[in-house]
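# Tertiary structure, described
Residue strings, one per chain:
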Amino acid sequence: MTAFRPLHDRVLVRRVAGEERSAGGIIIPDTAKEKPMEGEVIACGSGVRGEDGTLHALDVKPGDRILFGKWSGTEVKLNGEELLIMKESDILGIVEDRKGLKKAA
């Protein structure tokens, strides 16, 4: 297994599995699915340096579930698994309670 450590303000993310069925119970084929915009942080860089040279740590950490934009990040394949590398600024937020997250109507 290859170890990977992102640099600076970059984050390695694994997409979560998308929904297999619609709200009405219809099975969605793989060709019609959109890629999920939710993922789990696998690894983080050390942070970004300010103009004064101080290191500012990232707000996310490995294990966090996050939301990100549809076109965020760069897809890479590590150890046969498709992952995303993105900057912390591409992350929209951290999902703290999965039950509290509702889909828009």
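Refer to the structure presented above.
Bear in mind the structure is a predicted one, so any value in this text is a computation, not a measurement.

Before going further, it helps to examine the overall build of the protein chain. Helix and strand content of the protein chain: 0 helices and 8 strands. Tracing the protein chain from N to C terminus, the helices and strands come up as β-β-β-β-β-β-β-β. Counting over 105 residues, the protein chain shows a buried share of 26%. Put simply, 60% of the contacts in the protein chain that link residues at least 6 apart link residues at least 24 apart. Carbon and sulfur atoms provide 53% of the accessible area of the protein chain, an area that totals close to 7800 Å².

What follows concerns the pattern of salt bridges. One pass over the full model with this rule turns up 5 salt bridges. When the shortest N-O distance is used, the salt bridge between Arg-14 and Glu-81 registers 2.5 Å. One end of the pair, Arg-14, is in strand β1 (residues 10–15); the other, Glu-81, is in strand β7 (residues 81–87), with 67 residues separating them in the sequence. For Arg-14, a relative accessible area of 31% corresponds to the partly exposed category. Residue Lys-61 pairs with Asp-64 through a salt bridge whose shortest N-O separation is 3.1 Å. Classification of Lys-61 by relative accessible area gives exposed; the value is 51%. Each of Arg-14, Glu-40 and Glu-81 takes part in salt bridges that share partners, so that together they form one network.

A few words now on the environment of Ile-66. Among the structural elements, Ile-66 can be located in strand β5 (residues 65–68). On the basis of relative accessible area, Ile-66 is assigned to the buried category, the value being 0%. Taking C-alpha positions, Ile-66 is 7.3 Å from Val-41, a pair spaced 25 residues apart along the chain.

Here Ser-72 lies in the loop between β5 and β6 (74–78). Only 3.2 Å separates the side chain of Ser-72 from the backbone nitrogen of Gly-69, close enough to count as a polar contact. Discounting chain neighbours no more than four positions away, the residues touching Ser-72 are Leu-84, Met-86 and Asp-90.

A few words now on the sheet that holds strand β2 (residues 38–44). Sheet strands pair via backbone hydrogen bonds, and the direction of the pair is either parallel or antiparallel. With antiparallel pairing, the 6 strands of this open sheet are ordered in space as β6-β7-β1-β2-β5-β8. Two strands in the sheet have a free side with no partner beyond their single neighbour: β6 and β8 (91–95). Each strand of the sheet is rotated relative to its neighbour by a mean of 45°, with strand direction disregarded. One ladder, built from 4 bridges, connects β5 with β8; its direction is antiparallel. If you follow Leu-67 over to β8, its bridge partner there is Gly-93.

One finds Val-11, Val-13, Val-41, Cys-44, Leu-58, Val-60, Ile-66, Phe-68, Leu-84, Met-86 and Ile-91 forming the largest nonpolar core, which totals 11 residues. If near-sequence neighbours (up to four positions away) are discounted, Leu-84 is found in contact with Val-11, Leu-12, Val-13, Arg-15, Phe-68, Ser-72, Gly-73, Thr-74 and Glu-75.

Parameters and conventions
- Residues numbered from 1 in each chain as written.
- Predicted model: local features only at pLDDT ≥ 70, side-chain atom pairs only at ≥ 80, totals over all residues.
- Heavy atoms only, no water.
- Helix = DSSP H or I, 4+ residues; strand = E, 2+ residues; numbered from the N terminus.
- Buried < 20%, exposed > 50% of the residue type's maximum accessible area, 1.4 Å probe, protein only.
- Contact = heavy atoms within 4.5 Å.
- Areas by Shrake-Rupley, 256 points an atom, 1.4 Å probe, with all protein chains shown as cover.
- Salt bridge = Lys/Arg side-chain N within 4 Å of Asp/Glu carboxyl O.
- Polar contact = N/O pair within 3.5 Å; in protein donor to acceptor, adjacent residues only side chain to side chain.
- Pairing = 2+ DSSP bridges.
- Axes fitted to C-alpha atoms, helices over the stretch in contact; angles between N-to-C directions.
- Core = buried A, V, L, I, M, F, W, Y, C linked by side-chain atoms within 4.5 Å.

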